[in-house]
Amino acid sequence: MVTSTRRPLRPIVAVLGLLLAVALVVAGGLIDPDRTVHPDAASASGCPVEPDTSVTTTARIAWQPVANGDLVVKDKNWLASCLPNATIHWAKMSSGGDVLQAFGARSIDIAQVGSSPTVKGVSAPLDLDLQIVWLHDVIGKAESLVVRESSVTDLAGLSGKTVATPFGSTAHFSLMEALRQAELTSKVKLVNLAPDAMLGAWQRDEIDAAWVWDPTLTSLLGDGGHVIMSSADTAEAGAPTFDLEAATREFATGNAAFMTMWTKLQAQAAKIMNDEPDEAAAALAVQLGITAEEAEAQFPGYTYLTASDQLGAEYYGGKLPDVLLDTATFLKNQGTITAVGTEAHYADVPNSTYIKELS
């Protein structure tokens, strides 16, 4: 009798089936480190407003891991749901510098970015033709000055100390304004460090303090630091900073229907951030890779602006161009830009067209 040496087919078929399933998942894009809690195909039923099927725009959107409504829009897949015939690409950025590089390379159309990098972008030598189309938040305690020594309880105690911050950032702007007002600019040694490099420098005793945001801020606090000042203080003193949305002028003015929908959805998200923090935290937890409790703990560090807030005298309705000009003057003094534009130049950067449509 001849004994068969063939292996049973069932295990082989099972393995092949598993490999095929994995291949299909990868090919279908379901394995995604930026996966939302709504990975299913977009549908009109997921849109919180009336969908617009006429829009066929391709939009390349940059996002940053900041706890505001932009991540609610991303996580809920609203743009794809509300604009089913548009093509939406999301690209993660780690900093405002990355965003400016992407704008300069013409690889993105619209992006969340801080107010200081935005002013850098629209000023010489970059001279990017950008417009501010939305203000996500006013930065408060989310960006703070954390100090190592328990004996240092105010800015005066930093005289002779080494302080780190990412140069050109909103945190840098707040730090320099605080030092200027306290007449300590020449008495503190400043170090330009990216947030992810700060904890190591802190642990090696290379820096005494840092003005920075989460998650680095929390890490420094957990390693013995304490906060003595925040961007809420500098904002109250007349030097506010923002997380905002910048778009190329070409895109913002040439894709009206898309921008109308985008703005409607950001307004919905701002409402959720203010009125339904549990829902907002659940969405942001996925996008930030933290727990909902940790996400919600960041909310008091920001003031989330509604559309009507933004049209007020403090922002689009009056002072925003002045804030941009003041920021440009600061950046010029720091050597970050080569020239400050005219008042008219910075007055032309804010674009409230689509926000006004909501009122």
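Residues numbered from 1 in each chain as written. Predicted model: local features only at pLDDT ≥ 70, side-chain atom pairs only at ≥ 80, totals over all residues. Heavy atoms only, no water.

As recorded by an unreviewed UniProt entry, the chain carries the name Glycine betaine ABC transporter substrate-binding protein and is attributed to Luteococcus sanguinis. What the UniProt record of the chain gives under Sequence similarities (unreviewed entry) is the line "Belongs to the bacterial solute-binding protein SsuA/TauA family." (UniProt positions renumbered as here; feature names shortened; annotations may be inferred.)

1. Brief notes about the overall build of the chain
Per the secondary structure count, the chain includes 17 helices and eleven strands. Relative to its 359 residues, the chain shows a buried fraction of 47%. Put simply, of all contacts in the chain between residues at least 6 apart along the chain, 78% involve residues at least 24 apart. Surface exposure of the chain reaches about 16,900 Å², of which carbon and sulfur atoms provide 52%. (Helix = DSSP H or I, 4+ residues; strand = E, 2+ residues; numbered from the N terminus. Buried < 20%, exposed > 50% of the residue type's maximum accessible area, 1.4 Å probe, protein only. Contact = heavy atoms within 4.5 Å. Areas by Shrake-Rupley, 256 points an atom, 1.4 Å probe, with all protein chains shown as cover.)

2. Re the sheet that holds strand E2 (residues 87-92)
The strands making up a sheet associate through backbone hydrogen bonding, with each pair oriented either parallel or antiparallel. Strand order in the open sheet made by the six strands is E2-E1-E3-E10-E4-E11, with mixed pairing throughout. Two strands bound the open sheet, and with one partner strand each, they are E2 and strand E11 (302-304). When strand polarity is set aside, the average angle formed by the axes of neighbouring strands in this sheet is 30°. Across three bridges, the pairing between strand E4 (residues 130-139) and E11 is antiparallel. Bridging from a neighbouring strand, Asp-137 pairs with Tyr-304 of E11. (Pairing = 2+ DSSP bridges. Axes fitted to C-alpha atoms, helices over the stretch in contact; angles between N-to-C directions.)

3. Overview of the pairing of strand E5 (residues 143-147)
Most of E5 is tucked away: five of the five residues are buried. Neither face of E5 is open: one carries Glu-143, Leu-145 and Val-147, the other Ser-144 and Val-146, and all of them are buried. Bridge count between E5 and strand E8 (residues 209-213): five bridges; the pairing is antiparallel. Within E8, the position partnered with Glu-143 by the bridge is Trp-213. In terms of strand pairing, E5 meets strand E9 (residues 226-230) through four bridges, oriented antiparallel. Considered in E9, the bridge of Leu-145 is made with Met-229.

4. Here's the deal with the packing of aromatic side chains
Under the definition given, this model contains six aromatic pairs. Between the aromatic rings of Phe-173 and Phe-330, the centroid separation amounts to 5.0 Å while the plane-to-plane angle is 80°, which identifies the pairing as edge-to-face. Here the residue Phe-173 occupies a position in helix H6 (residues 170-181), and Phe-330 occupies one in helix H15 (residues 320-333), the gap between them amounting to 157 residues. Residue class for Phe-173 comes out buried when judged on its relative accessible area of 3%. Grouping aromatic residues by their ring pairs yields a cluster made of Phe-299, Tyr-302 and Tyr-304. (Phe/Tyr/Trp six-rings, centres within 6.5 Å; stacked < 30°, edge-to-face > 60°.)

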